[in-house]
Amino acid sequence: MTPDDDLDELLRHRFAGVRDADARRAPAFGEMVARARAAIPAEPVVPIEVRSPATRSPIAPAAPQRRSPWRWVAAAAPLAVAAGLAGIWLAPSRAADREFERLVSEWSRTERALNAPTDGLLAVPGSEYLRRLPALGSGAGATRRPS
Amino acid sequence: MIPFPIPRRRLLVVAVSLLAAVSAPAAAQSAPSVDDPITRTLFEPELIMKHRRAINLTDEQRDAISRLIKELQGQVVSLQWELQDQVESLASELGRPRVDLDRARDRLERVMQTERKIKEGHLTLLVRIKNLLSPQQQATLSKLRAEPSAKEGVEE
Amino acid sequence: MAHPALPPPDLEASLEALHEASFGWARNCCDGDPDDAADVLQSTFVKVLSGGARFSGHSSFRTWLFGVIRLTALESRRKGGRELSLDGQPEPEAHLRSADATLIEAEEHAALRAALDMLPDRQREVLHLVFQQDLSIAEASTIMGVSLGSARVHYERAKKRMRTLLTEDGHGRDVQASRHDAPEVKGPLPGDDTRERS
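Residues numbered from 1 in each chain as written. Chains lettered and ligands numbered in written order. Predicted model: local features only at pLDDT ≥ 70, side-chain atom pairs only at ≥ 80, totals over all residues. Heavy atoms only, no water.

(A) Focus on helix α3 (residues 34-50) of chain C. All names here are of chain C. Helix length check: α3, at 17 residues, gives a terminal C-alpha distance of 24 Å against a target of 24 Å (1.5 Å per residue), a fit within 8%. Listing the buried residues of α3 in full gives P34, D36, A37, A38, V40, L41, Q42, T44, F45, V48 and L49. Positive backbone phi, at 85°, marks G51, one or two positions downstream of α3. (Helix = DSSP H or I, 4+ residues; strand = E, 2+ residues; numbered from the N terminus. Expected span 1.5 Å × (residues − 1). Buried < 20%, exposed > 50% of the residue type's maximum accessible area, 1.4 Å probe, protein only.)

Structure, rendered in structure tokens:
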């Protein structure tokens, strides 16, 4: 090895270590994409006005009836605690499930875009004639049926 | 030896077909057909995900499939970009009034090499996934695939 | 002959495939600061996903993306006006590897970063792109926005300098010269394109 090869080897080795360190340090891709999409300005929301044919006045959505939320909180508290504990237990598995679904969906999108552009070259010119060759020994004018 | 002369117009048609093939992915690719001898006994990840409860996919199998997909996804996406560049380059040559056959062959060779790598990667993924599944799981998936209206395995 | 528009492969999948490499390059563009690198990469994602930066297909996707990252880092540096400092923080998860491996790695990293810090920006960039990103000098020149000839000169000078820096006392400290004392390139080289390209 020449001295230049030695230096190249040394630099490759050192940079490989830095590459591995950078890979470990890289922020989670999914989170970065989510934040980026959240930062992209959304389309302005155009309010839709619905007019009643009879009155020609806007139909206002019915105002929700006011109920005290506290009775629901009291009833749901034990369930919430149980759900929380179950959630803690199931969280790693659910996260893995979500990751699996995400990866499969992503792969399906990629897979649908896969194609072999050169497949068109398999249609050899003249092949339509080859499929209609006369069968030997079967008399003049006889043709083999295309398979 | 090609028995019939290839008219220049045919070459132009091929060039346009190449570009059309690259730009019309969805119709060309779908789930493996039972008539496709190469893929009919293999199982796409989407099929496995859809019927994972029916085949009792274990957490280990799920995680292994996730790892395989992740590994291949990166490779295939890079190859797709290369393929796009190479097809454009070939189509550009074929679109000339006088085509340099050596150059066209050289560019075709590059396109086919990249196609080969993509196909090989895809096959590797499908084979490794299949080898993770038990014979019973494979049999169940084959049956479910042939009966798409079956309720069993549909996601809750 | 006019070509019909070709649909690109999935953009998010393309970004993910290059995510770790992109972060490494962003970090290089931010003098090794991982937090600044994350910010630059985040801004790059916004540009790419919103269509603010569009891949035209004239180079490889990676070459184009790295160019966008580099420009975004330059913009960030101009806007922020901050003194981007060399990263001296320990790597996370270091405790998960053996203590010996961690120590050796840390020393090697420190030596390399100290040596790289001695180089002019162009030389540091081309070394990163060739040795860390495994790109050719031609691809590096496209990302850097310089001619191939210039990139080759930067590359050879950078290697010559690194030979001295990495072998001087084994710790990357060159007692003879500093980054400011002996810049090997004064001003742009012939063929350097100093205009920023998107």
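(B) The arrangement of the nonpolar core in detail. Counting residues in each nonpolar core, the largest one holds 57 residues, and the members touching the most others are C:L15, C:F45, C:L65, C:I69, C:L127, C:L129 and C:M162. Ignoring any residue separated from it by four or fewer positions in sequence, one finds C:I69 in contact with C:S22, C:W25, C:A26, C:V40, C:L41 and C:T44. (Core = buried A, V, L, I, M, F, W, Y, C linked by side-chain atoms within 4.5 Å. Contact = heavy atoms within 4.5 Å.)

(C) Spotlight on the environment of B:T39. Residue and element names in this part refer to chain B. In this structure, T39 sits in the loop between α2 (25-28) and α3 (45-50). Among the residues examined, T39 registers a relative accessible area of 16% and is labelled buried. The sequence separation of T39 and L123 amounts to 84 residues, and the corresponding C-alpha distance is 8.6 Å.

(D) Region of the structure containing the packing of aromatic side chains. The tally for this structure, following the rule as stated, stands at five aromatic pairs over all chains. Centre to centre, the rings of A:F29 and C:F45 are 5.6 Å apart; their planes meet at 70°, and the pair counts as edge-to-face. Taken together, the positions of A:F29 in helix α2 (residues 29-39) and C:F45 in helix α3 put the pair across two chains. Here C:F45 falls in the buried class, since its relative accessible area comes to 1%. (Phe/Tyr/Trp six-rings, centres within 6.5 Å; stacked < 30°, edge-to-face > 60°.)

(E) Just a nonpolar patch on the surface, in detail. On the surface, B:I38, B:L123 and B:V127 cluster together into a nonpolar patch covering about 250 Å² of accessible area. Mapped onto the elements, B:I38 comes out in the loop between α2 and α3. (Patch = residues over 30% accessible without salt bridge, like charges linked within 9 Å, V, L, I, M, F, W, Y side chains within 5 Å. Areas by Shrake-Rupley, 256 points an atom, 1.4 Å probe, with all protein chains shown as cover. Salt bridge = Lys/Arg side-chain N within 4 Å of Asp/Glu carboxyl O.)

Keep in mind these numbers describe shape, not what the thing actually does.
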